[in-house]
Amino acid sequence: MKKIFKFALLSAAAFTLSMGFTACGDDDDDNGGGGGNVTTDQLKTATEAYLDNVVYPIYSNLANKADDLYNKIAALKTKLKGGNKATQSEIDNICADYKNARDWWEKSEAFLFGAASDFDIDPHIDTWPLDLPVLAEDLKDNNKIARLDGTDGITWARTAGNLTPENLGFHGIEFIFFRNGKNRNVDIFNNDATEDDENFKGLAVTGLEEVIFATAVAGDLRDKCFQLEVSWLGNKAKAAHITRINECKQENADEFKTTVAKNGLSYGENLARATASSSYSSWWKVLEEIFVGGCSNICAEVADQKMGQAYRAATSSSPTYHEGEDGEQEEDDPNYIESPYSHNSFTDFKGNILSIKFTLYGNTDANASTWSKNSIMAYLSDNYPSLAGTLNNKLNAAIASLDACLNSGKAFVENPGATCVGAAMDAIGELDDALNSTINTILKAD
């Protein structure tokens, strides 16, 4: 199962809320519930702070780190093709850049509504498990390697039908540079050894061929991260990144859209203009999107899918199931494990929950014990102090539960049925309940 799950969940959640509440207005009394000029103005300010202090810097950092990753892999390819030997420090630096880019991506997942979902960027760059038999066939295909190594290699890699979607994005790169939780040994890239994964046996795929593949995929990843940045920041994005996206638009304008279909605004402008030229009819709708389309959605995915599929399969003697994209029950896949080669799963999951903290606190300080002045939590604390307290406690408990997994001494892929995993799933589920209880109360009061 792929990341497509989250879009079905988002639609269902949004439908449930919209069926439960009437349209929001701005003329109710400011009595601790929604409505009124004071809270409306405060919501507008909180949204602007959310964009300026959370969404924009995270997407900018993601774009920059994805660019760094591509440049280092491309430099490695040039060096190897020139007949020179790579060093272990070069491989280690690539692995460090991968984790940096990955970290910013995971910390963006509480706001996957918008460009990431509208343009299918999320599943394009972050689908798993890999299709390793197909990857093995691709890497032994001299014609495909030649195309990936050509001047149009990045474009060719992402063109439908040339490489299977499962092997694009972060995890295709992860497989090339990590195994068993460690950075790969430089020998594989110097062609002193061939690929030893069981899917590659007898194929004699070389390190150079793997790096050629990784370079094209990293270039595609970079472009998609640039697309996210430009989609949200508009002309505030880095000029070089805007230029690159304009080049990509010349190749395929439909694939590299960057504005909201309804009004042609950037996604940041659209969110910040509720009730004016925006696609959001009120600030309450903006808050609903942030809570349901963003924070609740990623809670459910982490607990029910990212952790849940492998955990249920590992702890049950009979098949277990989850709800698929079409609403039908699908059997859990014990191999549905994010970041299995780098053993980065628990870090990924924690990044997802930190993205909720950043959203609510109005900053990107993972260790912050208090929220920023103009944040969403400040709004909640002023208007719904009891809800704010409960939500904050559940948030901290969810983060602590993932810290326990990180400190357990075992990677998720090594023991998906661990007690700490079940405890973390429960804590994240309670956070999800608190998020939905909070937004439900606010919308009922409005």
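Since this is a predicted model, take the numbers as computed values, not measurements.

**Structural notes on the overall build of the protein chain**
Regarding its fold elements, the protein chain presents 18 helices and 4 strands. The C-alpha radius of gyration computed for the protein chain amounts to 22 Å, which stays within 12% of the reference 22 Å derived for 446 residues, consistent with globular compactness. The C-alpha extent of the protein chain, read off along each of the three principal axes, is 75 × 55 × 40 Å. Scored against the burial criterion, the 446 residues of the protein chain give a buried share of 55%. Across the protein chain, every contact between residues at least 6 apart in sequence was considered, and the portion connecting residues at least 24 apart equals 72%. Carbon and sulfur atoms form 45% of the exposed surface of the protein chain, whose accessible area is close to 17,500 Å². If you average the places of the 39 positive and of the 67 negative side-chain charges in the protein chain, the two averages end up 6 Å apart.

**Focus on the packing of helix α13 (residues 283-306) against helix α15 (residues 345-361)**
For any two helices packed against each other, the geometry is given by the interaxial angle and the distance between the axes. It is at 10 Å that the axes of α13 and α15 come closest, and there the two elements cross at 160°. As summarised for this structure, α13 and α15 are arranged roughly antiparallel, according to the angle between their axes. The handedness of the crossing between α13 and α15 comes out as left-handed. Between α13 and α15, the contacting residues are Ile290, Phe291, Cys295, Ile298, Cys299, Val302 and Lys306 on the first element and Phe349, Asn352, Ile356, Thr359 and Leu360 on the second. Grouping the constituent residues of the contact of α13 with α15 by class yields 9 nonpolar, 2 polar and 1 charged.

**Comments concerning the environment of Asn180**
As for its placement among the helices and strands, Asn180 is situated in the loop between β1 (178-179) and β2 (182-183). Relative accessible area serves as the criterion here: at 64%, Asn180 is assigned to the exposed category. C-alpha of Asn180 to C-alpha of Leu395: the two residues are 215 residues apart in sequence and 31 Å apart in space. Not counting residues up to four positions away in its chain, the partners in contact with Asn180 are Tyr341 and His343.

**Notes on the nonpolar core**
Of all hydrophobic cores here, the largest spans 133 residues; its most connected members are Phe177, Trp232, Phe291, Met307, Ile356, Leu360 and Leu380. Here this core takes 18 residues from helix α2 (residues 37-81), the largest share from any one element. For Leu360, the residues in contact, after removing those within four places along its chain, are Phe291, Ser375, Ile376, Met377, Leu391, Leu395 and Leu435.

**Structural notes on unusual backbone geometry**
In this chain, Trp128 is followed by Pro129 through a cis amide linkage whose omega measures -5°. With respect to the helices and strands, Pro129 occurs in the loop between α5 (121-125) and α6 (132-139). The residue Asn180 is not glycine, and still its phi comes out positive at about 55°.

**What about the environment of Lys238?**
Relative to the assigned elements, Lys238 resides in the loop between α10 (207-233) and α11 (239-251). Remark: the alpha-carbon pair of Lys238 and Ser60, spanning 178 residues in sequence, is separated by 7.9 Å.

**Focus: the layout of surface pockets**
Its volume calculated, the largest pocket comes out at about 430 Å³. Along the wall of the largest pocket there are 20 residues; nearest its centre are Leu132, Asn335, Pro340, Tyr341 and Val413. Residues of the lining of the largest pocket, tallied by class, amount to 9 nonpolar, 5 polar and 6 charged.

**Some remarks on the confidence of the model for the protein chain**
Summary statistics for the protein chain give a mean pLDDT of 91 and a share of 91% for residues scoring 70 or more. In this model, residues 1-36 is a region of pLDDT below 50 whose contacts with residues beyond four sequence positions or in other chains number 89 contacts.

**Describing the packing of aromatic side chains**
Evaluated as defined, the whole model comprises 18 aromatic pairs. One aromatic cluster is present, built from ring pairs that chain together Tyr50, Tyr59, Phe111, Phe113, Phe119, Trp232 and Tyr267. The residue whose ring lies beneath Arg179 is Phe175, and the NZ or CZ to ring-centre distance is 3.7 Å.

**Points about the environment of Asn143**
Along the chain, the position of Asn143 falls in helix α7 (residues 142-148). Taking the relative accessible area as the measure of exposure, Asn143 reaches 61% and is therefore exposed. Spatially, the C-alpha atoms of Asn143 and Trp105 are 32 Å apart, while their sequence positions differ by 38 residues.

**So, empty space enclosed by the protein**
Tallied over the entire structure, the rule returns 1 cavity of 30 Å³ or more. Of the volumes computed, that of the largest cavity is approximately 40 Å³. Forming the boundary of the largest cavity are Leu43, Ala46, Thr47, Trp283, Val286, Leu287, Ile290 and Ile376. Among the secondary structure elements, those contributing two or more residues to the lining of the largest cavity are α2 and α13. It is α13 that provides the largest number of residues to the lining of the largest cavity, a total of 4 residues. In terms of residue class, the lining of the largest cavity is built from 7 nonpolar, 1 polar and no charged.

Cut-offs applied
- Residues numbered from 1 in each chain as written.
- Predicted model: local features only at pLDDT ≥ 70, side-chain atom pairs only at ≥ 80, totals over all residues.
- Heavy atoms only, no water.
- Helix = DSSP H or I, 4+ residues; strand = E, 2+ residues; numbered from the N terminus.
- Rg over C-alpha atoms; globule rule 2.2 N^0.38 Å.
- Buried < 20%, exposed > 50% of the residue type's maximum accessible area, 1.4 Å probe, protein only.
- Contact = heavy atoms within 4.5 Å.
- Areas by Shrake-Rupley, 256 points an atom, 1.4 Å probe, with all protein chains shown as cover.
- Lys, Arg positive; Asp, Glu negative; His and termini not counted.
- Charge placed at Lys NZ, Arg CZ, Asp CG, Glu CD.
- Axes fitted to C-alpha atoms, helices over the stretch in contact; angles between N-to-C directions.
- Parallel < 35°, antiparallel > 145°, perpendicular 65-115°, else oblique.
- Left-handed = near helix turned anticlockwise from the far one by under 90°.
- Nonpolar A, V, L, I, M, F, W, Y, C, P; charged D, E, K, R; others polar.
- Core = buried A, V, L, I, M, F, W, Y, C linked by side-chain atoms within 4.5 Å.
- 1 Å grid on protein atoms, 1.4 Å probe; cavity = no way out; pocket = protein on both sides within 12 Å on 5 of 7 lines; lining within 4 Å.
- Points joined across faces, edges and corners; volume = space filled by probe spheres on them.
- pLDDT = per-residue confidence, 0-100.
- Phe/Tyr/Trp six-rings, centres within 6.5 Å; stacked < 30°, edge-to-face > 60°.
- Lys NZ or Arg CZ within 6 Å of the ring centre and 35° of its normal.

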